[in-house]
There are 10 protein chains.
Amino acid sequence: MSSSSSSTVTAQGLPTVLSDLPPIFTALYQSKVTKKLSFEQIASAIGRNEWYTAAIFYGQAKPDKDDLDKLSKALDVPREELETNLGEHFYPNRGVGEWPPKDPVVYRLYEALLVYAHPLKAIIHEKFGDGIMSAIDFYGDVEKVPDPKGDRVKITFNGKFLPYKRW
Amino acid sequence: MSSSSSSTVTAQGLPTVLSDLPPIFTALYQSKVTKKLSFEQIASAIGRNEWYTAAIFYGQAKPDKDDLDKLSKALDVPREELETNLGEHFYPNRGVGEWPPKDPVVYRLYEALLVYAHPLKAIIHEKFGDGIMSAIDFYGDVEKVPDPKGDRVKITFNGKFLPYKRW
Amino acid sequence: MSSSSSSTVTAQGLPTVLSDLPPIFTALYQSKVTKKLSFEQIASAIGRNEWYTAAIFYGQAKPDKDDLDKLSKALDVPREELETNLGEHFYPNRGVGEWPPKDPVVYRLYEALLVYAHPLKAIIHEKFGDGIMSAIDFYGDVEKVPDPKGDRVKITFNGKFLPYKRW
Amino acid sequence: MSSSSSSTVTAQGLPTVLSDLPPIFTALYQSKVTKKLSFEQIASAIGRNEWYTAAIFYGQAKPDKDDLDKLSKALDVPREELETNLGEHFYPNRGVGEWPPKDPVVYRLYEALLVYAHPLKAIIHEKFGDGIMSAIDFYGDVEKVPDPKGDRVKITFNGKFLPYKRW
Amino acid sequence: MSSSSSSTVTAQGLPTVLSDLPPIFTALYQSKVTKKLSFEQIASAIGRNEWYTAAIFYGQAKPDKDDLDKLSKALDVPREELETNLGEHFYPNRGVGEWPPKDPVVYRLYEALLVYAHPLKAIIHEKFGDGIMSAIDFYGDVEKVPDPKGDRVKITFNGKFLPYKRW
Amino acid sequence: MSSSSSSTVTAQGLPTVLSDLPPIFTALYQSKVTKKLSFEQIASAIGRNEWYTAAIFYGQAKPDKDDLDKLSKALDVPREELETNLGEHFYPNRGVGEWPPKDPVVYRLYEALLVYAHPLKAIIHEKFGDGIMSAIDFYGDVEKVPDPKGDRVKITFNGKFLPYKRW
Amino acid sequence: MSSSSSSTVTAQGLPTVLSDLPPIFTALYQSKVTKKLSFEQIASAIGRNEWYTAAIFYGQAKPDKDDLDKLSKALDVPREELETNLGEHFYPNRGVGEWPPKDPVVYRLYEALLVYAHPLKAIIHEKFGDGIMSAIDFYGDVEKVPDPKGDRVKITFNGKFLPYKRW
Amino acid sequence: MSSSSSSTVTAQGLPTVLSDLPPIFTALYQSKVTKKLSFEQIASAIGRNEWYTAAIFYGQAKPDKDDLDKLSKALDVPREELETNLGEHFYPNRGVGEWPPKDPVVYRLYEALLVYAHPLKAIIHEKFGDGIMSAIDFYGDVEKVPDPKGDRVKITFNGKFLPYKRW
Amino acid sequence: MSSSSSSTVTAQGLPTVLSDLPPIFTALYQSKVTKKLSFEQIASAIGRNEWYTAAIFYGQAKPDKDDLDKLSKALDVPREELETNLGEHFYPNRGVGEWPPKDPVVYRLYEALLVYAHPLKAIIHEKFGDGIMSAIDFYGDVEKVPDPKGDRVKITFNGKFLPYKRW
Amino acid sequence: MSSSSSSTVTAQGLPTVLSDLPPIFTALYQSKVTKKLSFEQIASAIGRNEWYTAAIFYGQAKPDKDDLDKLSKALDVPREELETNLGEHFYPNRGVGEWPPKDPVVYRLYEALLVYAHPLKAIIHEKFGDGIMSAIDFYGDVEKVPDPKGDRVKITFNGKFLPYKRW
């Protein structure tokens, strides 16, 4: 996608939460739509996890230089434009969307916490002691598990346990 | 635990969120403390998942008759008292604690959603189409993954994909 | 249920939202639990709709004298106690629970509005003109529709159309 | 409607909640106004329910390819423009308007929940057990019921019952 | 009502918003219920407007000495108890109930403001200039206007116009 | 006012709450300012109540065809422009401004409810039974009552009483 | 007041905001009521400003030893009880009441800030430069200014100007 | 300042809260900056209090015709432009900025109320009886009081006492 | 302090935020008051930092077995009572008080973040890269720095830098 | 950076919170990015602390004339443009970003207060008496402390203690 063509196909079905982000994210998304690439395909092209790749598109992760090289190639967005906007000086302002969420997909995850997070806290303490699961030294995965009664979404959160320091 | 002894050791270090629940939950929790049983042990005694077992203790899941039998035995809480309070007529009023959460353990899960839930929505749609992951036909798991750099908390969400109906 | 026995079996699995209501509602609920009566059975005994009957138990509808007579008989709560508390001078303070709701059953109804209420407003205006569906001259119904793929909940809202007055 | 004419008749009495959506929704709405088509007529043209059709116009439902073909014809909006904006890659960001709602039409529905939703939860549990009514495997209907004392709005919610999984 | 009898008939159908007020208000309300007196009758007995009289019962107005004398007689509440609690040193903490209101009666008044208050501001400025209608040098009235199509509630707000001072 | 001149005198002292409404409301308001017409004069020209007329200008009421004819003449806004924007397909999105209100004129009305609405609910129930005052089958009036101690603002709310239906 | 008598005259017309404070504040307030002392009289007895004295009664200021001596004498509350509760170890948890305030007296002060605080910020900067008026090195005064057109309330805020430090 | 030059020096260090107001306020502010006039100087030129003058600049007070004449001269803003925007038809929409305030200057005033407003209410009632200090028949003053330990900001609020009407 | 004496000196000037915690915290606090021990002294007795020691008293840190031994000795609270309530099974529900805070001491810290936290984020990224300062592997210190112009409060936050993981 | 070049490299990876500020802040930030200057380097060039320097870039501190001179040189932004926008008449509107914060870096600081601020209040009172740490006569520092187990972020808050005045 050249930057000029980008202005003629502005904001095709752009997810609402992206419209609050700087224009580079619109450009990335539009190129993805025009090229009919899935996040899985882009993830494969840049050597990252599919979910993490989507996080880059939502301004929630910081791509490194190598990611920018590969994104530029995969999406045909000029390397320089990526460098200028998402380069070394760029740090994500994390936290996206309205909370509590209204969209049902996002709400169900939120609801799972409303119901199961306090019991989970109890389990974590029993298994690990006083501390938390890191959301920084963290990775996750989304998987489609075929099931004759209806396929299942399997989401994994994997974070380092960080014990509270006593001082 | 006899119900009389229960009144003399009221509310030992009871998690704050339990204090809003009916007294039966205090009784269950106190017995667990007195008997020094972990959720893992209770789960094993009643044949349920550890996380789900904790959810029962936090009033977030409905035990069936068999669960009540086994809970009564494992915790020495009179079967009748359980039946009276958590029997057939009892349905959980789900949703526990204050949101957004202040406790760091719960907050990290919430933060993971703030950052990664919208990207996750995009992945779910690409993998499954228009629909959601159910939080009802849902189960989860918590695992301790030993790691020389620091053990890791691995949490799995597993929900049936429910496609939106067109009408 | 005699009022004395009521004090020994206090608040068996009482729905949390009822705990904010005056004690008469606890008494009604406890009697229903003790007698193992469903709302359907009570509704049939007092000649009201099942959903409406539940609304009386949640302090959301005003029973008339005849309702009190029949409730007294069906639930074995002294007629005088009902008269004293829910008699002529009693008017419901309507609106129950926390909003937005956390409980998933209530939330799904709320979500249906988040998604479909504005489109519904458009339809109502096209079909009826400028006005609203009354929530006062209103009745509803809940039905269980057997379905081999999973039974369905069918809820009907039926309110008089009230046209806006021009002045 | 050609896309050029669309710019000269911008936003005629456009419902406020639509102004937050991408421009394609303005285009759809304007064409509907210009052609003096009701949702009932459009629904009939595309073979969908009237309420569901309005939900498409409010960005709350995902039209399939066939819907886009028929919408294009019915509303004279270029098929390509619809494909580009509401095609395969488009997934609704559901949840529209401000909540609690201020508009009286929407508020009355919300009020019906404030008053009757918790009693309804009790009924659903008694009739179906522990679970919810799906808002995903869900459809509804709006009907005008003539009545000499004033016509009535009859709204039906019909959702699959989903039992809570024990694990 | 003697104060001893008052304790045996506690809180008969007491409006929820009164339960946050000091016990004297419960006593006043209970006596009103026991004696089956309407606000209109009490107002007539103490020589005040019916609406204003109700405001005293809700802790929203300060009775003067003469009011206390007459209230004591009309309701059979000891003069001294009234003096002790609502005497010279008592000043109302005005503002009652939860806002936005959930109860439909109160909400309709609130809704009338949501819709008509800004237009009203414009009218007030055009008729009176820059200033406000006082809510302090204020009185009101509620009237039942018989109408064959349905009786009407007529509420009057009457406040002194207070012009903004320039300085 | 011709639509061309309108663009050169944009938004003269336009009330802030109008700036959220579609441009037609700016046009109406500007014409009113330019022609130095009061709402009283416009009301007289279109045969509506002064307060209701202001409500049309704030997008809170739906003018009928006759209103549009007369507004077009009185304000010199092209009939077609009114039809296009406020015609048959237009339905107000009611509810204007920020709540709780900050502007003192609007706040005083809100405060009158904070203080007197719950007592008013009690009076309405005593006079009419279980039901509400309609805010739909509703009209009102604003009057200037000369008073040597300071003129008074007299506001009347007049709504049909709607009894709750039992079912 | 002896502590025994205090229990028989509990909470006479106690301002609602005091009911959240520890019991010592109820005791102080009740004694003031019983002895019919104004804040002006108590202030004079303890040698403090009237407004500041009231702040002590609302738990918003820390009395020193000398204040406790004098309060004990003036109000007949045992010195030891004051020492135990409001002694050296006591530090106020400042901030009282619900905000935004509903009570009209408190609201008018809040409204004066809504309207005039930002203009005041501009004046302070012009007069003093970059900094703030301290709310800690602060005192105030309330005065009644007789005026034939109606007495006036004159409130003075006097705080040290604190310039922002550059670093 | 001519209106043309105004466009080239747009929004110099314009206070954020002004950016929500109509453009005339930007023009007034820019002229003040360009001419290096303090509010004190402008106040002196128009014969108003310095604080009140700032309130005009923040859209919180309604200037009269004479004020507009003098503002036009003092600030070199065309008289007609002022008349068009702030003339007879203009009435302030009072209430400016975000509340609770974040800016420390404004917050300190707010904090003074958090701490001292309820005690102040008690004092006002003791000194004046049941009523409020008007925020309408109100004026204030800001003074710089030199002090060797650090100059002090002295702010005076002066409002008419308005007794509650009994009815 | 024996547990019996504890009941006679209940809640002496107990900080409001402690009143939401389980009774053991009241007991600890009361003993501290009775024994006139500062946190510095208790910290020294248990070998912990002063600030951390206070955190234990506010239910914000988990004491280990050794801490309980020493606390029991220092405060004369029975070891068993501590074990029962704050023993192995106890895990803090962290997050104390109302936010935004009203108390000025707490607010100033909050304000420092309102003003300086985003600039701080920028500095942290420049110095460390993409990641956060841990609030778990964290300790702090409070120091009194004598200064002739006024002593200074010096607070140190010291947290491990945690780099975001890429996946 | 010349002001013309600035328009061609608009808003490169501009932190979201800066987008609410006047354009001068975008210009400063862009120049910093283009020149690849760290805050440390700029701080060194203008003789200010690194954190404070960042605060200037976020509109949270008022630069003096000398700061403007040096910023102009260091960043190649015309001195006059800085003077016009950030000169004598400019006073920061302090308070930046959304609170509670969503970004994890900012949240961790906020969380440290949720957990440790009330204990800190207790320590400050014990060490200094009744008063606060100033956030005005305040400075801070950020340091990178190398540590083999992971570098640490050390943040210092240093504010003058301000004792509450008694009056």
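Residues numbered from 1 in each chain as written. Chains lettered and ligands numbered in written order. Predicted model: local features only at pLDDT ≥ 70, side-chain atom pairs only at ≥ 80, totals over all residues.

Visitor: What exactly am I supposed to notice about the sheet that holds strand β2 (residues 152-163) of chain D here?
Guide: The strands making up a sheet are joined through hydrogen bonds of the backbone, oriented either antiparallel or parallel. The antiparallel open sheet is built from four strands, whose spatial order is β1(C)-β2(C)-β2(D)-β1(D). With partners counted over all chains shown, the strands left at the sheet margins are β1 (131-145) of chain C together with β1 (131-145) of chain D, one partner each. The average angle at which neighbouring strand axes cross in this sheet is 20 degrees, direction not considered. Note that strand β2 (residues 152-163) of chain C and β2(D) share nine bridges and pair antiparallel. For C:Phe157, the partnering residue across the bridge sits in β2(D) and is D:Ile155. Sitting on the sheet, helix α7 (residues 104-128) of chain D touches β1 and β2 of chain C together with β1 and β2 of chain D, and the angle it makes with β1(C) is about 20 degrees. (Pairing = 2+ DSSP bridges. Helix = DSSP H or I, 4+ residues; strand = E, 2+ residues; numbered from the N terminus. Axes fitted to C-alpha atoms, helices over the stretch in contact; angles between N-to-C directions. Contact = placed C-beta atoms within 7 Å.)

Visitor: Where do I start with the relation of the copies chain H and chain G in this structure?
Guide: Each copy of the chain is related to the other by a rotation around an axis and a translation along that axis. Superposing chain H onto chain G takes a rotation of 180 degrees combined with a translation of 0.0 Å along the rotation axis, leaving an RMSD of 0.0 Å. Put plainly, the chains are arranged around a two-fold axis. The rotation axis passes nearest to the C-alpha of H:Thr156 in chain H, at a distance of 2.3 Å. Of all interface residues in chain H, 100% are interface residues in chain G too; the two copies therefore contact each other through one and the same surface. (Least-squares fit on C-alpha atoms with pLDDT ≥ 70 in both.)

Visitor: I keep staring at the relation of the copies chain F and chain E and nothing clicks. Help me out?
Guide: When chain F is fitted to chain E, the best match, at an RMSD of 0.0 Å, comes from turning it 180 degrees and sliding it 0.0 Å along the axis. A share of 100% of interface residues in chain F that are also interface residues in chain E marks the association as one of identical surfaces.

Visitor: Teacher, can you tell me more about the interface of chain F and chain E here?
Guide: Reports often express the size of an interface as the amount of accessible area lost when the parts come together. Listed as interface residues are 59 residues of chain F and, on the opposing side, 59 residues of chain E. Of all the secondary structure elements, the ones that give two or more residues to the side of chain F that touches chain E are α3 (39-46), α4 (50-57), α7 (104-128), β1 (131-145) and β2 (152-163) of chain F. It is α7(F) that provides the largest number of residues to the side of chain F that touches chain E, a total of 23 residues.

Visitor: Help me out: how do you make sense of helix α2 (residues 23-34) of chain B in this one?
Guide: Within an α-helix, residues lying three or four positions from one another point in the same direction, as the helix has 3.6 residues per turn. With twelve residues, α2(B) ought to run about 16 Å at 1.5 Å a step, and its terminal C-alpha atoms sit 16 Å apart, in line with that. Of all the residues in α2(B), the buried ones are B:Phe25, B:Ala27, B:Leu28, B:Tyr29, B:Gln30, B:Ser31, B:Lys32 and B:Val33. (Expected span 1.5 Å × (residues − 1). Buried ≥ 20, exposed ≤ 12 C-beta atoms within 10 Å, placed from the backbone.)

Visitor: Got a minute to help me understand the interface of chain H and chain G in this structure?
Guide: Taken together, the contact between chain H and chain G spans 60 residues of the former and 60 residues of the latter. Counting only elements with at least two residues in the side of chain H that touches chain G, the list comes to α3 (39-46), α4 (50-57), α7 (104-128), β1 (131-145) and β2 (152-163) of chain H. Looking at the side of chain H that touches chain G residue by residue, the class counts come to 35 nonpolar, eleven polar and 14 charged. (Nonpolar A, V, L, I, M, F, W, Y, C, P; charged D, E, K, R; others polar.)

Visitor: In this structure, what is going on with helix α7 (residues 104-128) of chain J? I would like to understand it.
Guide: All names here are of chain J. Bending of α7 peaks at approximately 55 degrees at the position of tyrosine 116, with proline proline 119 no more than four residues after it. For α7, the buried fraction is high: 22 of the 25 residues fall into the buried class. In the stretch just after α7, glycine 129 is the one whose phi turns positive, near 100 degrees. (Bend = angle between axes of the 7 residues up to and from the residue.)

Visitor: When you look at the domain arrangement of chain A in this model, what are you seeing that I'm missing?
Guide: By domain assignment, chain A separates into domain 1 (3-86) and domain 2 (104-163). For domain 1 of chain A and domain 2 of chain A, the distance between their C-alpha centroids amounts to 27 Å. (Domains from an automatic or database assignment.)

Visitor: Explanation requested: the UniProt feature "active site" (unreviewed entry) in chain A in the structure shown.
Guide: Here, the residues flagged by UniProt with the feature "active site" (unreviewed entry) are A:Arg108, A:Glu111 and A:Ser134. Here A:Arg108 lies in helix α7 (residues 104-128). When the 26 C-beta atoms within 10 Å are taken as the criterion, A:Arg108 is described as buried. For A:Arg108, the contacting residues outside a window of four places in its chain are B:Ile132, B:Met133, B:Ser134 and B:Ala135. (UniProt positions renumbered as here; feature names shortened; annotations may be inferred.)

Visitor: Please explain the sheet that holds β2(F) as it appears in this structure.
Guide: Spatially, four strands are ordered β1(E)-β2(E)-β2(F)-β1(F) in an open sheet, and the strand pairing comes out antiparallel. At either margin of the open sheet sits one strand with a lone partner, and together these are β1 (131-145) of chain E together with β1 of chain F. Shown here is a sheet whose adjacent strand axes are inclined to one another by a mean of 20 degrees, direction ignored. Both β1(F) and β2(F) contribute to a ladder of eleven bridges, which runs antiparallel. The residue of β2(F) that forms the bridge with F:Asp141 is F:Thr156. The sheet contacts of helix α7 (residues 104-128) of chain E involve β1 and β2 (152-163) of chain E together with β1 and β2 of chain F, and relative to β1(F) the element is tilted by about 20 degrees.

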